[in-house]
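Examining the three-dimensional arrangement
Each chain, letter by letter, is given below.
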Amino acid sequence: MNVGYVRVSKCEQNPDLQRRELEAAGCERIFEERTSSRKADRPQLKAAIDYCREGDALVVWKLDRFGRSLKELIELVNGLNERAVDFVSLRESLDTTTPGGKLVFHVFGSVAEFERDIIRERTMAGLEAARARGRKGGRKPVMDQKKMSLASKLMKDREVPIPEVCKAVGVSRATLYRYLKPDGTPRLAR
């Protein structure tokens, strides 16, 4: 069975063209959504995927109607593949029921993996260059030595409740305990 998924970004956009082409492609059930692709929550897409059974094909009009990015597209199609559900995109003539379609999809996957590796490589090189210039990455510590000292003194005085210690140094209870043990001694050298 062919199951269709239609998505338009704006309320004023008309989904009829997509719907007609999906019907012409033999879709017996079509799920329709009016939402931006930037939104991660697309309930009709989830419903379409859940509706598909082994041997079915999920059909979309165009790839950008299905996935927000190449990475997401690959994840979605791999999820379908694990359930023995095929994927078809009409405009790009991508059909994972054919050997050629599977090849094209795997090329997409390889390109996405290559892109992730390049981004990671550039990030690591940038961090290394920053360290060479004497810059440390990450956030500045929330509690400096002065705040830690004050908090430690207050914590050692058992009469001062922890919420008041937190208020005095301007941090949450979780942050306080990340820096100091309940008895007021430092956790790690920072």
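Above this note sits the structure.
So, a few notes on the structure that sits alongside this text. As the structure is a computational prediction, the values presented were derived from the model and not from experiment.

A look at the packing of aromatic side chains
Tallying each qualifying case throughout the model produces 2 aromatic pairs. When the ring centre of Tyr51 is taken as origin, the NZ or CZ atom of Arg29, which lies over that ring, is 5.1 Å away.

Quick notes on the side chain of Thr96
Turning to its location among the elements, Thr96 is positioned in the loop between strand S5 (94-95) and helix H5 (99-132). From its side chain, Thr96 meets the backbone nitrogen of Phe87 in a polar contact 2.8 Å long. If we ignore the near neighbours within four places in the chain, the residues touching Thr96 are Val77, Asp86, Phe87, Gly101, Lys102 and Phe105.

Observations regarding the side chain of Thr175
Within the fold, Thr175 resides in helix H8 (residues 173-179). For Thr175, a relative accessible area of 10% corresponds to the buried category. For Thr175, the contacting residues outside a window of four places in its chain are Val142 and Met143.

What to know about the pattern of salt bridges
Counting across every chain of the model gives 6 salt bridges. For Arg91, the salt bridge identified is with Glu21, shortest N-O distance 2.8 Å. A residue pair is termed long-range when its members are at least 10 positions apart, and Arg91 in the loop between strand S4 (86-89) and S5 and Glu21 in helix H1 (residues 16-24) qualify at 70 residues. For Arg91, a relative accessible area of 45% puts it in the partly exposed group. The exposure class assigned to Glu21 is partly exposed, which follows from its relative accessible area of 26%. Residue Asp64 pairs with Arg65 through a salt bridge whose shortest N-O separation is 3.2 Å. Overall, the relative accessible area of 13% leaves Arg65 in the buried class. The structure contains a network of salt bridges with shared partners spanning Arg19, Glu32 and Arg34.

Quick look at helix H6 (residues 145-156)
Between the first and last C-alpha of H6 there are 16 Å, a value that for 12 residues agrees with the 16 Å anticipated at 1.5 Å per step. Restricting attention to buried positions, one finds in H6 the residues Met148, Ala151, Ser152 and Met155. Buried residues of H6, seen end-on, are gathered within an arc of 105 degrees and therefore sit on one face of the element. Opposite its buried face, H6 presents the exposed residues Lys146 and Lys153, each directed more than 90 degrees away. Among the structural elements, helix H7 (162-169) and H8 are those in contact with the buried residues of H6.

What to know about the sheet that holds S5
Pairing is mixed in the open sheet, where 5 strands are placed in the order S2-S1-S3-S4-S5. Every interior strand has two partners, whereas the edge strands, strand S2 (27-34) and S5, have only one. The pairing of S4 with S5 spans 2 bridges and is classified as antiparallel. Across the sheet, the residue bridging to Ser89 is Leu94, located in S5. The strands touched by helix H2 (residues 43-51) within the sheet are strand S1 (2-8), S2 and strand S3 (57-60), with S2 carrying the most contacts at an inclination of about 160 degrees.

Here we look at a nonpolar patch on the surface
A cluster of nonpolar side chains, contributed by Leu103, Val107 and Val111, occupies part of the molecular surface with about 260 Å² of accessible area. With respect to the helices and strands, the residue Val111 is situated in helix H5.

Structural notes on the nonpolar core
Of all hydrophobic cores here, the largest spans 20 residues; its most connected members are Tyr5, Leu58, Phe66, Leu80 and Phe87. Every element with two or more residues in this core is listed here: S1, H2, S3, helix H3 (63-66) and helix H4 (70-82). Sequence-distant contacts of Phe66, defined by excluding residues within four places in its chain, comprise Tyr5, Arg42, Leu45, Leu58, Val60, Leu73, Leu76, Val77, Leu80 and Phe87. Met143, Met155, Ile162 and Val165 belong to the second largest nonpolar core, which has 13 residues in total.

Focus on the packing of H6 against H7
Taken N-terminus to C-terminus, the directions of H6 and H7 make an angle of 160 degrees; their axes are 10 Å apart at the nearest point. When the axis of H6 is compared with that of H7, the two are roughly antiparallel. Every pair of crossing elements has a handedness; the one defined by H6 and H7 is right-handed. Between H6, through Lys147, Leu150, Ala151, Leu154 and Met155, and H7, the contact on the second element is made entirely by Ile162, Val165, Ala168 and Val169. Here the contact of H6 with H7 is built from residues that sort into 8 nonpolar, no polar and 1 charged.

Thresholds, definitions, all that
- Residues numbered from 1 in each chain as written.
- Predicted model: local features only at pLDDT ≥ 70, side-chain atom pairs only at ≥ 80, totals over all residues.
- Heavy atoms only, no water.
- Phe/Tyr/Trp six-rings, centres within 6.5 Å; stacked < 30°, edge-to-face > 60°.
- Lys NZ or Arg CZ within 6 Å of the ring centre and 35° of its normal.
- Helix = DSSP H or I, 4+ residues; strand = E, 2+ residues; numbered from the N terminus.
- Polar contact = N/O pair within 3.5 Å; in protein donor to acceptor, adjacent residues only side chain to side chain.
- Contact = heavy atoms within 4.5 Å.
- Buried < 20%, exposed > 50% of the residue type's maximum accessible area, 1.4 Å probe, protein only.
- Salt bridge = Lys/Arg side-chain N within 4 Å of Asp/Glu carboxyl O.
- Expected span 1.5 Å × (residues − 1).
- Arc of directions from axis to C-beta.
- Pairing = 2+ DSSP bridges.
- Axes fitted to C-alpha atoms, helices over the stretch in contact; angles between N-to-C directions.
- Patch = residues over 30% accessible without salt bridge, like charges linked within 9 Å, V, L, I, M, F, W, Y side chains within 5 Å.
- Areas by Shrake-Rupley, 256 points an atom, 1.4 Å probe, with all protein chains shown as cover.
- Core = buried A, V, L, I, M, F, W, Y, C linked by side-chain atoms within 4.5 Å.
- Parallel < 35°, antiparallel > 145°, perpendicular 65-115°, else oblique.
- Left-handed = near helix turned anticlockwise from the far one by under 90°.
- Nonpolar A, V, L, I, M, F, W, Y, C, P; charged D, E, K, R; others polar.

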